[in-house]
Amino acid sequence: MGKTYERIDGRLRSFIEAQPLFFTATAPLSGDGTVNLSPKGLRGCFAVLDELTVAYLDFAGSTAETVAHLRENGRITLMWCAFQGPPNIVRVHGRGEPVFRDDPRFPELLAHFPDIDPTAHGLRAIVVVTAELVRDSCGYAVPYMAYEGDRELHGKWFAREDDASLSAYFAKKEHIATSLDGLPGLPLPLPPSVA
């Protein structure tokens, strides 16, 4: 039923890019650490950079578990499910890195996301993932669900923030600078963007 792919191209790339929702999974090295699973949405926040590299925009949120885990060990899995059309699940297992706003690579990476205004969502970093294993599976048990559109609340909430107020917001949150397990999370104060 499942198949392993050498690269992200053709039908596989088209499928991934068409999905309005994907999931990220990370974990710390500690055997009793907290495994994190996060949904990611907003059209335009994901890009295939080349046949083995993908990236997504990491927006403001209530924790920074993915960033903390990537800073510690780099392990990440991304997953897409077909909620419409033929059943399919695609997973990209790989190594990820959060590229923060003061990184010299940031402006070039940001150019891969022309269809979304990152300033309206409190952009914290761009997560770049290098695929080590790409697989699909049937998805026969995934239900049909209709995509109605992106929620506007996130953009409306964070569009009011500038770098200073966003840093203050993050400083008040318990698990932004450090993860649930005490790992270094998002560097605060939020570095200014070089873009």
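Residues numbered from 1 in each chain as written. Predicted model: local features only at pLDDT ≥ 70, side-chain atom pairs only at ≥ 80, totals over all residues. Heavy atoms only, no water.

**Student:** Would you mind showing me how to read the overall build of the protein chain here?
**Tutor:** Within the protein chain, the regular secondary structure consists of five helices and eight strands. Taken from the N to the C terminus, the helices and strands of the protein chain come in the order β-α-β-β-β-β-α-β-β-α-β-α-α. Here the protein chain has a C-alpha radius of gyration of 17 Å; the compact-globule value for 195 residues is 16 Å, and the two agree. Seen through its principal axes, the protein chain has C-alpha atoms that stretch 50 × 40 × 30 Å. Here the protein chain, with 195 residues, has 46% of them falling under the buried criterion. Restricting to contacts in the protein chain with at least 6 residues of sequence separation, those with at least 24 account for 73%. Just so you have it, the protein chain exposes about 10200 Å², and 54% of that area is on carbon and sulfur atoms. Here the protein chain contributes 19 positive and 25 negative side-chain charges, whose respective centroids are spaced 4 Å apart. (Helix = DSSP H or I, 4+ residues; strand = E, 2+ residues; numbered from the N terminus. Rg over C-alpha atoms; globule rule 2.2 N^0.38 Å. Buried < 20%, exposed > 50% of the residue type's maximum accessible area, 1.4 Å probe, protein only. Contact = heavy atoms within 4.5 Å. Areas by Shrake-Rupley, 256 points an atom, 1.4 Å probe, with all protein chains shown as cover. Lys, Arg positive; Asp, Glu negative; His and termini not counted. Charge placed at Lys NZ, Arg CZ, Asp CG, Glu CD.)

**Student:** Help me understand the nonpolar core in this model?
**Tutor:** Buried together is how nonpolar side chains tend to be arranged in soluble globular proteins. Counting residues in each nonpolar core, the largest one holds 36 residues, and the members touching the most others are Ile8, Phe46, Leu57, Leu78, Trp80 and Ile126. Every element with two or more residues in this core is listed here: helix H1 (10–18), strand E4 (46–50), strand E5 (53–58), strand E6 (75–81), strand E7 (89–100), helix H3 (106–110) and strand E8 (125–137). A per-element tally of this core places E8 first, with six residues. The contacts of Ile8, once residues within four sequence positions are left out, are Arg13, Ile16, Val48, Asp50, Glu51, Val54, Val92, Ala131 and Val134. By size, the runner-up hydrophobic cluster in this structure holds 12 residues, among which are Val67, Phe100, Ala125 and Tyr169. (Core = buried A, V, L, I, M, F, W, Y, C linked by side-chain atoms within 4.5 Å.)

**Student:** So what exactly am I meant to see when it comes to the side chain of Arg124 here?
**Tutor:** For Arg124, the location among the structural elements is in the loop between H3 and E8. Within polar-contact distance, the side chain of Arg124 engages the backbone oxygen of Thr63 at 3.1 Å. (Polar contact = N/O pair within 3.5 Å; in protein donor to acceptor, adjacent residues only side chain to side chain.)

**Student:** Would you mind showing me how to read helix H2 (residues 65–72) here?
**Tutor:** Each full turn of the α-helix corresponds to 3.6 residues, which orients residues three or four apart in the same direction. For H2, a buried count of six out of eight residues is recorded, marking the element as mostly surrounded by other parts of the structure. Within H2, the full set of buried residues consists of Glu65, Thr66, Val67, Ala68, His69 and Leu70. Where H2 ends, the next residue or the one after it, Gly74, has phi of about 80 degrees, a positive value.

**Student:** Please clarify how the environment of Ala131 should be interpreted in this entry.
**Tutor:** Position of Ala131 relative to the elements: it lies in strand E8. Overall, Ala131 belongs to the buried group, its relative accessible area being 10%. As a C-alpha pair, Ala131 and Gly96 span 35 residues in sequence and 8.7 Å in three-dimensional space.

**Student:** In this structure, what is going on with the pattern of salt bridges? I would like to understand it.
**Tutor:** Pairs can form between side chains of opposite charge whenever their charged atoms are close. One pass over the full model with this rule turns up nine salt bridges. Between Glu17 and Arg13 there is a salt bridge, and its shortest N-O distance comes to 3.0 Å. Placement of the pair is Glu17 and Arg13 together in helix H1, with a separation of four residues, close to one helical turn. For Glu17, a relative accessible area of 40% puts it in the partly exposed group. Assessed through its relative accessible area of 30%, Arg13 is described here as partly exposed. Glu97 is paired through a salt bridge with Arg105; the nearest N and O atoms lie 2.7 Å apart. A residue is classified by how much of its surface remains accessible, and Glu97, at 33% relative accessible area, is partly exposed. (Salt bridge = Lys/Arg side-chain N within 4 Å of Asp/Glu carboxyl O.)

**Student:** Teacher, can you tell me more about the packing of aromatic side chains here?
**Tutor:** We describe a pair of aromatic rings using the distance from one ring centre to the other and the angle between the two ring planes. Inspection of the entire model under this criterion finds seven aromatic pairs. Ring geometry for Trp157 versus Phe158: centroids 6.5 Å apart, planes at 70 degrees, classification edge-to-face. Among the residues examined, Trp157 registers a relative accessible area of 41% and is labelled partly exposed. Relative accessible area serves as the criterion here: at 5%, Phe158 is assigned to the buried category. Grouped by ring-pair contacts, the aromatic residues Phe22, Phe46, Tyr56 and Trp80 constitute a single cluster. The residue whose ring lies beneath Arg43 is Tyr147, and the NZ or CZ to ring-centre distance is 4.7 Å. One cation-aromatic arrangement involves Arg160 over Trp157; the distance from NZ or CZ to the ring centre is 4.4 Å. (Phe/Tyr/Trp six-rings, centres within 6.5 Å; stacked < 30°, edge-to-face > 60°. Lys NZ or Arg CZ within 6 Å of the ring centre and 35° of its normal.)

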